[in-house]
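# Commentary on secondary and tertiary structure
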Amino acid sequence: MRRRWMTAMLLGLAGLLAFPPLASAQLRTVKVACTSQQVLDNLPIFVGMHMKFFEEAGIKLEPSYFRGGGEVIRAITARSVDLGATAGAGPAMIAIAKGESMKIVSSSLAPLVGVVWLVEADSPIKSIKDLRGKKVGFSSPGSVTHQIIQLILKKEGLEKDVQLVRVGSPGDSWGAVKNKVVDASWHVLPAYHPLILKKEARVLFRGEEYVKEYQQTVVVAMEDVIKKDPEMIRTFLKARAKAVRFIKENPERTAAIWAEELKLPVDVVKLAYKDLNVDVYETGAPKPENLKAAMQEALDIGAIKEPLDLAKIQDLRFLPR
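Residues numbered from 1 in each chain as written. Predicted model: local features only at pLDDT ≥ 70, side-chain atom pairs only at ≥ 80, totals over all residues. Heavy atoms only, no water.

### Some points on empty space enclosed by the protein
Filter applied, for reference: In the cavity and pocket records, a cavity denotes points on a 1 Å grid over the protein atoms alone where a 1.4 Å probe fits but cannot get out, a pocket denotes an open set with protein on both sides within 12 Å along at least 5 of 7 lines, and lining residues are residues with an atom within 4 Å of a point. Grid points are joined across faces, edges and corners, and a volume is the space filled by probe spheres set on the points. A run of H or I in DSSP counts as a helix once it spans at least four residues, and a run of E counts as a strand once it spans at least two, with each numbered from the N terminus. Following the grouping adopted for this structure description, the nonpolar residues are Ala, Val, Leu, Ile, Met, Phe, Trp, Tyr, Cys and Pro, the charged ones are Asp, Glu, Lys and Arg, and the polar ones are all others, Gly among them.
A complete count under the given rule lists one cavity of 30 Å³ or more for this structure. Taken as a whole, the largest cavity encloses approximately 160 Å³ of empty space. If you go around the largest cavity, you meet 16 residues; those closest to its centre are Thr35, Val39, Val144, Thr145 and Trp186. For the lining of the largest cavity, the elements supplying multiple residues, two or more each, are α7 (144–155) and β8 (185–188). Along the lines of polarity and charge, the residues of the lining of the largest cavity split into five nonpolar, nine polar and two charged.

### Description of the nonpolar core
The condition is simple: Nonpolar core, defined: a set of buried Ala, Val, Leu, Ile, Met, Phe, Trp, Tyr and Cys residues in which side-chain atoms within 4.5 Å join the residues together. Exposure classes here rest on a 1.4 Å probe applied to the protein chains alone. A residue is buried below 20% of its type maximum, exposed above 50%, and partly exposed in between. Any pair of residues with heavy atoms lying within 4.5 Å of one another is described as a contacting pair.
Ile76, Phe236, Trp258 and Tyr281 are the most contacted members of the largest nonpolar core, which has 110 residues in total. Looking at which element gives the most residues to this core, the answer is helix α11 (residues 230–249), with nine residues. The residues touching phenylalanine 236, leaving out its near neighbours within four places in the chain, are Val32, Ile45, Phe54, Ile59, Leu61, Leu83, Ala85 and Val219.

### What to know about helix α8 (residues 170–178)
Spelled out, the test is: Each C-beta atom gives one direction from the helix axis, and the arc is the one those directions make.
Along α8, the positions that sit buried rather than exposed are Pro170, Ser173, Trp174, Ala176 and Val177. When α8 is viewed along its axis, its buried side chains cluster within an angular range of 155° and face the same direction. Close packing links the buried residues of α8 with β5 (115–120), β8, α9 (193–197) and β9 (201–206). Following α8 by one or two positions, lysine 180 adopts a phi angle in the positive range, close to 65°.

### Considerations on the sheet that holds strand β10 (residues 217–222)
We apply this condition: When DSSP locates at least two bridges between a pair of strands, those strands are taken to pair. To get an axis, fit a line to the C-alpha atoms, keeping to the stretch in contact for a helix; angles then go from 0 to 180 degrees between the N-to-C directions.
Pairing is mixed in the open sheet, where five strands are placed in the order β2-β1-β3-β10-β4. The open sheet is flanked by β2 (59–65) and β4 (102–109), the only strands paired with a single partner. Taking each pair of neighbouring strands and ignoring which way they run, the sheet shows an average axis angle of 25°. Relative to β4, α11 is tilted by about 10°, and along the sheet it contacts β1 (28–34), β2, β3 (83–88), β4 and β10.

This is the structure:
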């Protein structure tokens, strides 16, 4: 009798080891497209994954990082991901204007923040006016950096006098400056802080100096995905909102997570966190003035030919309450 009991117990234990816990087995894999990993827009994704907020919502999140907003949008329209977690609002509008059945389901980050253009510390270029006849980098066609640099150059009367060069991610961008492929190029907080502290780079100008109202990123999904799996979108946004609250309430832990993700010294990231107004991380509907500004900039550079009906390009039924 005792032998039978021991055998049953061992078989039961073997069964537990052979199969994962039920909660783990029930996690739904959700693939999300994000801009370059160094971009500050991704911080809620990092925090949500580290703190297991997505797992608590029943989601196993699989982020993919792309070199710019245009590439994020292409991944979404190709259905290689379920959602765009940090999609540029401008690139999303450009895709919608071209006929893509895409909807904005939430704000992500606004207004424009943390995007700068760098030169080498000893560069003779001292102001934006010195870029006349020079080469300037942006991430990818149709991206936020592409739209913003075109707008800035137009405001300065330099749009015909500067050659724009696609350079990819922030790391690739700085490599392009160091290798003299371009004279100045884009970068983003907090990843550019080590370059400044080591006196390798100098900020030539900041995007927010020129752009006060702007929808930097949004969460987007294709209409067929929304129709097929609305609960996935609702639970994703709820978990993301929890991560945003954590960012605002826990600076020390947030800085540690950010530093770990970006392989940066935590003291450097703490300095960047102090420079950042964390209220830019949003969880509700995009503010109309920011969406209008993003659309107007797309119109001004000719990326969109006609104004969009902003109400029709949003589906806000899934916002956390």
